[in-house]
Amino acid sequence: MAHDRGEPTVRLRPVAETDLEMFRRFCTEPGLIGLDWSGFRDPGAPARRFAADNWLGADDGRLIVQVEPDQAAAGFVSYLAGRYSGMASYWEIGIALLPAWRGRGIGWRAQALLCDYLFQHTPAQRIQAGTHPENVAEQRSLEKAGFQLEGVVRACEFRAGRWRDGYLYSRLRDDPSPWDRPGE
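Asks: Looking at this model, I keep getting lost on the packing of helix α1 (residues 20-28) against helix α2 (residues 45-53). Mind explaining?
Replies: Packed helices, taken two at a time, are described by their axes: the angle between them and the distance between them. Between α1 and α2, whose axes approach to 8 Å, the crossing angle comes to 140°. With respect to α2, the axis of α1 lies oblique. Along its contact with α1, which presents Leu20, Phe23, Arg24 and Cys27, the element α2 presents Pro46, Ala47 and Phe50. Among the residues making up the contact of α1 with α2, the classes are represented as 6 nonpolar, no polar and 1 charged.

Asks: Help me understand the environment of Ala137 in this model?
Replies: Mapped onto the elements, Ala137 comes out in helix α4 (residues 136-144). Ala137 sits in the exposed class, given a relative accessible area of 53%. Along the backbone, Ala137 and Trp108 are 29 residues apart, and their C-alpha atoms lie at a distance of 9.8 Å.

Asks: What should I look at first to understand the nonpolar core in this one?
Replies: One broad rule of soluble globular proteins: the nonpolar side chains tend to lie buried together. One finds Leu12, Phe23, Val65, Ile93, Leu114, Ile127 and Phe147 to be the most contacted residues of the largest nonpolar core, which totals 42 residues. Listing elements by their share of this core, those giving two or more residues are β2 (9-13), α1, β3 (60-68), β4 (72-83), β5 (89-97), α3 (106-121) and β6 (126-131). Top element by residues in this core is α3. It accounts for 9 residues. Apart from residues no more than four positions distant in its own chain, Phe23 is found in contact with Val15, Pro46, Trp55, Arg62, Ile64 and Phe76.

Asks: What exactly am I supposed to notice about the packing of aromatic side chains here?
Replies: Two aromatic rings are characterised by how far apart their centres lie and by the angle between their planes. Applying the stated criterion to the full structure yields 8 aromatic pairs. A ring pair is formed by Trp108 and Trp179, whose centres lie 5.4 Å apart and whose planes are at 40°; its orientation type is tilted. Residue Trp108 is found in helix α3, and its partner Trp179 is found in the segment after β8 (162-172); the two are separated by 71 residues along the sequence. Across the pair, Trp179 and Trp108 agree in class, each one buried. When the ring of Phe158 is compared with that of Trp163, the centres are 5.4 Å apart and the planes differ by 65°; the resulting orientation is edge-to-face. For Phe158, a relative accessible area of 47% puts it in the partly exposed group. Taking relative accessible area as the criterion, Trp163 reaches 55% and is therefore assigned exposed. Members of the aromatic cluster, each reached through a chain of ring pairs, are Phe23, Phe26, Trp55 and Phe76. For the cation-ring pair, Arg62 lies above Phe23, with the distance from its terminal atom to the ring centre recorded as 4.9 Å.

About the thresholds
Residues numbered from 1 in each chain as written. Predicted model: local features only at pLDDT ≥ 70, side-chain atom pairs only at ≥ 80, totals over all residues. Heavy atoms only, no water. Axes fitted to C-alpha atoms, helices over the stretch in contact; angles between N-to-C directions. Helix = DSSP H or I, 4+ residues; strand = E, 2+ residues; numbered from the N terminus. Parallel < 35°, antiparallel > 145°, perpendicular 65-115°, else oblique. Contact = heavy atoms within 4.5 Å. Nonpolar A, V, L, I, M, F, W, Y, C, P; charged D, E, K, R; others polar. Buried < 20%, exposed > 50% of the residue type's maximum accessible area, 1.4 Å probe, protein only. Core = buried A, V, L, I, M, F, W, Y, C linked by side-chain atoms within 4.5 Å. Phe/Tyr/Trp six-rings, centres within 6.5 Å; stacked < 30°, edge-to-face > 60°. Lys NZ or Arg CZ within 6 Å of the ring centre and 35° of its normal.

Encoded structure:
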């Protein structure tokens, strides 16, 4: 999957063994992941998960955000299955970009590509994403990717020693595609 209307071209691809060092860095370098840092994590966990299913699970997984023409791994997108009731399944998505790739329009395109992928290959009607109230860049990114703000989720995350609110965004299968907007 790729988006190449603007420079640079953004693609999603499966995780390769060479990407595991980036995952280890996200586990061990405070601040690299930005506001989502929640303490040190097992740096061997990414390799074990890769060995189990190449990060392509039926209920959760990751894809690499690759930037062309240099084929650089800029970060990753993630997906996690959820269910509200009965048959109302949905996906919760996330993104982590390395600092050098932030603020360049890569994040919104990667998240829009992930939505396209999930809508094409699963029957889910809804994709949702959460972000921090202070992460204005991610809020803009989600909106550019076709998401709408649903509201505040109170005290949903324990971070930096206290419970914090979050914003919940969603994109439905029938919502307009961000690729159909002029100038995108």
